[in-house]
Amino acid sequence: MSSTTFSLEVRPQIPRKLERLHELADDLLYSWDRQVRGLFFRLDQELWEACGHNPKVFLRRVSQETLEQAVQDRIFMEDYNRVLSVYDTYHQEGMRTHIQPYLDPEKDLVAYFCAEFGFHESFPIYSGGLGILAGDHCKAASDLGLPFVAVGLLYRQGYFTQTIDNHGHQVAHYAPTDFGTLPVHLCRDEAGEERRVTVGMPGREVLLRLWHAKAGHITLYLLDSDLPENAEADRAITYQLYGGDSHTRIQQEIVLGIGGVRALRALGLQPTVWHINEGHSAFQILERCRELVAGGLTFEAAMEAVASGTVFTTHTPVPAGHDMFDAGMMEEYFSGYHEELGKDFQAFYELGTTPDNGDVFNMTTLALRGSRFNNGVSRIHGGVAAEMEAEIWPEVPPEENPIRHVTNGVHVPTFLAREWGNLFDMRLREWRNELLNEDYWEVIDQIPDHRYWSLRQSLKTELLDEVVARAENQYRRNGYSEAMIKRITHYARQSESDTLVLGFARRFATYKRATLIFSELERLKELMNDADRPVLLIFAGKAHPSDKPGQELIRRIHEYALQPEFIGRILLLEGYDMALARKLVTGVDVWLNTPEYPMEASGTSGQKAGVNGVLNLSVLDGWWGEGYDGNNGWAIVPHDPGFDPHYRDSEEARDLVDILAREVIPLYYQRNHHGYSAPWVQRSKAAMKTTIPRFNAQRMVMDYVRDFYSPARDQDARLRARDFAAATELAKWKGRVREAWEGVELEVVEEPPAALPHGDSLKLQVRARLNGLTPDDVTMECLVAPVRREDSPFRPEDRFHLTPEGEDEEPGTWIFSLDLTPRLAGLQHYRVRMYPSHPRLSHPFETGRMVWL
């Protein structure tokens, strides 16, 4: 006989003296303010854990008795009032002094579009690095008082939660989210009606609901298609993050890009800068162009105006990470839309294609064509992205094309351990206001070494307690015996024995080479079974549900961890999320990172570790190529990508284990008479001193403000002035250049001498056939580079402009000249080139055209 189980949630009545707990729970500031979260934790630690650290759920389930007791608890009420005082001060002040030279908080507005946002584990609309980076960007924008809104999608089903079965197979679990448990609210108009917008899909319109979430000083706007007025299939568009097939993906990106623009318009917001964070939202470019075309501009002029105020950040050097749609799908979804742009389908389709990749519409290509301010996310990645996307500017050397870099940073208040924060509050009271001041962080040296070591050890003990609890639950669920579970957790339990703990936690993608360390299997067994110098290695991370090779890495690590020599010494934890990540990056001693160079765009997990004094042992890729200074961790120098991959893996695995055996382990166990390793403390302090000020999210956002947002705002204003006169002029000029450039040629008037006495000048004359262009339309340069070896690459150190002398006998041909007095001595090479130039260009080479003598 079956029976029905009903659910009943008995909700407390929040006492008046605690009523602002609702306000704290409704502001995503809790995701980076540990003092706010600490109030809920102190009320009922067990319930806080059971609620997944979700303050709104917590307030629905905490007992009335607990709240009444809290009101009578003088110490709790003092802490509560102190937290409110800090919270109110934060909202009243902000740090706008940093941004005011660049942006006007009263007039400017940055609109930041991203497919995912990782603020906190209780707000599951993120999958991994991209989302957490976007969340950190928003948090830092709030801290800096930036005029800023974020735009994304509100998913019923965020990224999956993970378990690992007794065979090492990843199992993905999905659970729909009750929006009532999230810190979001419907956007309503003055009459209290829901604000809604529509987007076109093949043969129908899809209705979208708008939500808003408060995150400190900034607002996050989210779109949702799950409305009863929509067809069942359309209600599911925003159901799952990165779910479904390519049709779901293009539908989500239409909602995000086109729907996101319409949402901001419906809210009466007029951004002065638009930031596309990865290509998912690039359709916003088309929508903003459509608006201007409807207002009377040509598409070309509209594109110039739109692109001038748009920043695009690309995040992945992996080709599969760029969204692409075939021509049939693009025609299905945009058959009427392209006509509103005044373009036939072929011309529209070419906005997302290049000659080498004409079979698919690439969202990254669209984003680059529709923006004038582009960047990768580390110095190395900026160079890689410039090479990858060189076809957008086909005649420009990749190192000179418009793609620059802003190295990612992490939000320090989010990822700095509570214990460090408390210590800083006592010793370094102004530390939160000094995140942009590198010199300030030398104060880390003032912390006594023994106190520093003790705090690091306490953080490790906290981590290992968490590891044991998680491992017991994981292996017990998988049917392991209690004896076996004790063996598996044996070394993690012995935190008092002071074990060196290594951590590897991130997405399991093949290029990240999670199993590289096992290439030196016998040496690894020897290292990890040294009773005098014990080592524990902890793995965690998810593979995408469709990434079978990534899931195979998890299975292989599971097998290694159960080999007799590794049982208890290697642990693979399931359920990787932001909460576990915070424990790992604060508690391990060494953070391992072994990507295949140059495939790591940034690698912010290592930054999170570094700000907590954890030492990175990493391939010199991504941020570590800038962060490593020889004293703040260890580096694996990558081998040339041109070598055989198996050879590279073998050599870099040997380097990894060599560094562990010869440097890391001996240094950790080099104890003084006080029982700690003084050289280790110095290296750990160096990690904090170099990582905190250089790789924090405030520095990252200020780089965007200074080098991207402010110039984009100014360029946008210039091109929109006088009813878009400059945009129209620039579009027409580019059209003339495109038509003429095929016929542009250069030739030297007279062969220059091969040698020149010191102090003499070289008369250089070049004949330029401009094919209808004028000297005002071009710039001609002479680049000079020293020759240090016969095989050295051409790296110019000087450049000189050639000036037009006059028109040659042949119509449309001009003579350009230069009296060149070389600054350098000895053998040198020089080259002459010409490219289109116009005072309205955002970047001198944005036309992609260049001709060399």
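Residue positions are counted from 1 within each chain, in the order its sequence is given. The model is predicted, so local features are restricted to residues of pLDDT at least 70 and side-chain atom pairs to those at 80 or more, both for listing and for counting; the totals for chains, interfaces and linings are taken over all residues. With hydrogens and water excluded, all non-hydrogen atoms of the structure serve as input to the side-chain values.

(A) Region of the structure containing unusual backbone geometry. Looking along the chain, the bond that leaves Y597 and enters P598 is cis, with omega of 0 degrees. For R722, which is not a glycine, the phi torsion comes out positive at approximately 50 degrees. Helix and strand labels come from DSSP, where a helix needs a run of H or I of at least four residues and a strand needs a run of E of at least two; each type is numbered from the N terminus. Along the chain, R722 falls in helix α28 (residues 697–741).

(B) Spotlight on the sheet that holds strand β21 (residues 745–748). Strands are treated as partners if at least two bridges between them are detected by DSSP. Taken in spatial order, the seven strands of this open sheet run β21-β22-β25-β24-β23-β26-β27, and their pairing is antiparallel. Of all strands in the sheet, those bounded by a partner on one side alone are β21 and β27 (851–852). When β21 meets strand β22 (residues 762–769), the two strands line up antiparallel, connected through four bridges. Looking across to β22, one finds that E747 is bridged to R767. In this description, contact between two residues means that some pair of their heavy atoms is separated by no more than 4.5 Å. Note on geometry: axes are C-alpha line fits, over the in-contact stretch for helices, and angles between N-to-C directions span 0 to 180 degrees. Where α28 meets the sheet, its contacts fall on β23 (778–786), β26 (828–836) and β27, and the angle it forms with β26 comes to roughly 120 degrees.

(C) Representation of helix α27 (residues 678–694) within the structure. In this model α27 runs 25 Å from its N-terminal to its C-terminal C-alpha over 17 residues, within 8% of the 24 Å that 1.5 Å per residue would give. Here the term buried applies to any residue with accessible area under 20% of the maximum for its type, exposed to any over 50%, and partly exposed to those in between, with areas from a 1.4 Å probe on protein chains only. Of all the 17 residues making up α27, 13 are buried; the element is thus mostly covered by neighbouring parts of the structure. The span one expects for a helix is its residue count, reduced by one, times 1.5 Å.

(D) Structural detail: the sheet that holds strand β16 (residues 535–540). The strand order β17-β16-β15-β18-β19-β20 describes an open sheet built from six strands, whose pairing is parallel. Where the open sheet ends on each side, the last strands, each with one partner, are β17 (570–573) and β20 (633–636). Neighbour-to-neighbour, the strand axes of the sheet open up by a mean angle of 20 degrees, direction not taken into account. Pairing analysis gives four bridges linking strand β18 (residues 590–593) to strand β19 (residues 615–619), with the strands arranged parallel. Note that in β19 the partner of V590 across the bridge is L615. In the packing of helix α26 (residues 645–668) onto the sheet, the strands contacted are β15 (500–505), β16, β18, β19 and β20, and the crossing angle to β20 comes to about 165 degrees.

(E) The packing of helix α9 (residues 246–266) against helix α12 (residues 327–334), seen in detail. Relative orientation of the contacting elements α9 and α12 amounts to 45 degrees, with a least axis distance of 12 Å. By the angle class used here, α9 and α12 are oblique. In this structure, α9 crosses over α12, and the sense of that crossing is right-handed. Of α12, the residues touching α9 (which contributes S246, H247, I250, Q251, I254 and I258) are M329, M330, E332, Y333 and F334. Every angle not falling under 35 degrees, over 145, or within 65 to 115 is termed oblique; those three ranges are roughly parallel, roughly antiparallel and roughly perpendicular. Less than a right angle of anticlockwise turn of the near helix away from the far helix marks a crossing as left-handed, whereas a clockwise turn marks it as right-handed.

(F) Seen up close, the pairing of strand β3 (residues 161–164). Where β3 and strand β4 (residues 170–173) come together, four bridges link them in antiparallel fashion. By the bridge assignment, T161 is partnered in β4 with H173. Hairpin remark: β3 followed by β4, antiparallel, with five residues in the connecting loop; positive phi at G168, about 85 degrees.

(G) Examining the side chain of Q474 more closely. Looking at where Q474 falls in the secondary structure, it is placed in helix α19 (residues 449–477). A relative accessible area of 2% places Q474 in the buried class. Apart from the residues within four sequence positions on either side, Q474 is in contact with I164, L572, L573 and E574.

(H) Seen up close, the environment of G606. Among the structural elements, G606 can be located in helix α24 (residues 604–610). C-alpha separation for the pair G606 and S618, spaced twelve residues apart in sequence, amounts to 8.5 Å. With sequence-adjacent residues up to four places away left out, G606 is seen in contact with W591, N616 and W623.

(I) Representation of the pattern of salt bridges in the model. Salt bridges, as used here, are contacts in which a Lys or Arg side-chain nitrogen is within 4 Å of a carboxyl oxygen on Asp or Glu. Under the definition given, this model contains 76 salt bridges. Two residues, E520 and R523, come together in a salt bridge whose shortest N-O distance is 3.3 Å. The exposure class of R523 is partly exposed, given its relative accessible area of 28%. Taking the shortest distance from any N to any O, the salt bridge between D714 and R713 comes out at 2.6 Å. Put simply, E745, E747, R767, R769, D808 and E810 are held in one network by salt bridges that share partners.

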